[in-house]
Every structure is written in structure tokens, then in C-alpha cells.
Amino acid sequence: MDGHRDCNISFHPDETKKHKGICPKCKKPLVIGVMNRVIELSDRTEEEAKEHGQSRVPYTSLVPLVEILADTLQKGWATKTVQAVYHSLIAALGSEFHILLEVSLEDIEKASTKQIATAIDRVRKGNIFIKPGYDGEFGIVKVFANGDERGVARQQGLDLM
Ligand SMILES: [Zn+2]
């Protein structure tokens, strides 16, 4: 998603185009989502979309699961903690795409924590913050804006280990 966190603006790339890349609140250029860290994948093929009278293939923006876990647990994606939770989720629930798109929040919570389930729910709803990288640094994906919310997640995440 593109947008301004301070203005509470979060746009789908199509909406960004409609607004010519300008924030309707503060009139400054919008922060464009870091697409190299966000996977766009089609729900259906171009053919199927045409059958439904749509010219455009709808897609879902996904944040890689390790990024979600890294932000929720407040640890780097390559850390043992994040990798262990990642692998335990895959082992319990199936593929990453299946977890991100289809598994019920209840099942995700059972296999991990309520905060991780909440984080995946936020990603599904596009309720996340993406900060672009600068000067060769990678961008940052933020699932939680609220530090307290994340603090609870971190504790629960450590309890998993
Ligand atoms: Zn703005």
C-alpha cells in the first residue's frame, strides 16, 4: 500500500494513480510501498477475470510471513526466534501462501499466538505500514503502529521458544 501514516492515508496503487501520487490530506507526495518486499500475486488468471467481466486481474498484496513475524516479535527476520516460529507455523499449517491467505485466524492463533494471528489479519486487510528504503537500506514493513500491542506480542513470542 502507498500512503501517509501521519495522515492515516493508505492507498491501493490504483488509488494512488487516481490521486496522481499526492496525499489528499497534506497535498505532499505519497510514500510509495516497497514492492520489492511485498509480493503481488493474482487470485485468478487473466482468462478467469475476463469470464467475470473484469479487464484487470485482481491481486492481493502480501507481506512475506517472516516480515510479519519479525515485526510482531520485534526481532530480525533472520534471527533464530523468527525462523523457529516461521518453521513451526509452516509445519503446523502448510505453505506460506496458505497461511497468509486461507488459514483461519483461530487456527493461526492455536499454532502460534493471538498477536501473530492479529498481525496476519492486519496484513490481509492491508492495515499495515510500509516505509521505503533509503540510501541502500531496505524498507521496513510495520504491522503494528502501537508499541504496547507489539510488546505483548514479543512476550508471547518468547514464550513459544
Ligand atoms: Zn499526507
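1. Here's the deal with the overall build of the chain
Alright, step 1. In terms of regular secondary structure, the chain is built from 8 helices and 6 strands.
Alright, step 2. Listing every helix and strand of the chain by position from the N terminus yields β-β-α-β-α-β-α-α-α-α-α-β-β-α.
Alright, step 3. In the chain, buried positions account for 37% of the 161 residues.
Alright, step 4. Taking as baseline every contact in the chain between residues at least 6 positions apart, the subset at least 24 positions apart corresponds to 45%.
Alright, step 5. Carbon and sulfur atoms make up 52% of the accessible area of the chain, which totals about 9,500 Å².

2. Brief notes about the coordination of the zinc ion
Alright, step 1. Around the zinc ion, the donor atoms from the protein are His4 (ND1), Cys7 (SG), Cys23 (SG) and Cys26 (SG), and they sit 2.0 to 2.3 Å away.
Alright, step 2. Within one chain, the residues donating to the zinc ion are spaced in sequence as H-x2-C-x15-C-x2-C. On the criterion of sequence distance, the pair formed by His4 in strand β1 (residues 2-4) and Cys26 in the loop between α1 (13-18) and β3 (39-42) is long-range, its members being 22 residues apart.

3. Remarks on the nonpolar core
Most often, soluble globular proteins have nonpolar side chains that are buried together.
Alright, step 1. Judged by nonpolar contacts, the single largest core of 24 residues is most densely connected at Leu65, Ile68, Leu69, Leu89, Ile99 and Ile108.
Alright, step 2. At the level of secondary structure, the elements contributing two or more residues to this core comprise α3 (65-73), α4 (80-93), α5 (96-101) and α7 (114-124).
Alright, step 3. Of the residues forming this core, the biggest block, 6 residues, is contributed by α3.
Alright, step 4. Excluding residues that lie within four positions of it along the chain, Ile108 makes contacts with Leu89, Leu93, Ile99, Val103, Thr113, Ile116, Ala117, Ile120 and Arg124.

4. Structural notes on α3
Alright, step 1. With 9 of 9 residues buried, α3 lies mostly within the body of the structure.
Alright, step 2. Looking one or two residues beyond α3, the residue adopting positive phi is Gln74, at roughly 55 degrees.

5. Quick look at the confidence of the model for the chain
Low pLDDT marks stretches whose predicted atomic positions should not be read closely.
Alright, step 1. In this model, the chain carries an average pLDDT of 73, and 63% of its residues clear a pLDDT of 70 or more.
Alright, step 2. Here residues 35-44 is a poorly scored stretch, pLDDT under 50, and it has 34 contacts once near neighbours within four places are set aside; other chains count.
Alright, step 3. Below pLDDT 50 for its whole length, residues 54-60 participates in 25 contacts with residues either more than four positions away or in separate chains.

Cut-offs used in this document
Residues numbered from 1 in each chain as written. Predicted model: local features only at pLDDT ≥ 70, side-chain atom pairs only at ≥ 80, totals over all residues. Heavy atoms only, no water. Helix = DSSP H or I, 4+ residues; strand = E, 2+ residues; numbered from the N terminus. Buried < 20%, exposed > 50% of the residue type's maximum accessible area, 1.4 Å probe, protein only. Contact = heavy atoms within 4.5 Å. Areas by Shrake-Rupley, 256 points an atom, 1.4 Å probe, with all protein chains shown as cover. Donors = N, O, S within 2.8 Å, 3.2 Å for Na, K, Ca; no water. Core = buried A, V, L, I, M, F, W, Y, C linked by side-chain atoms within 4.5 Å. pLDDT = per-residue confidence, 0-100.

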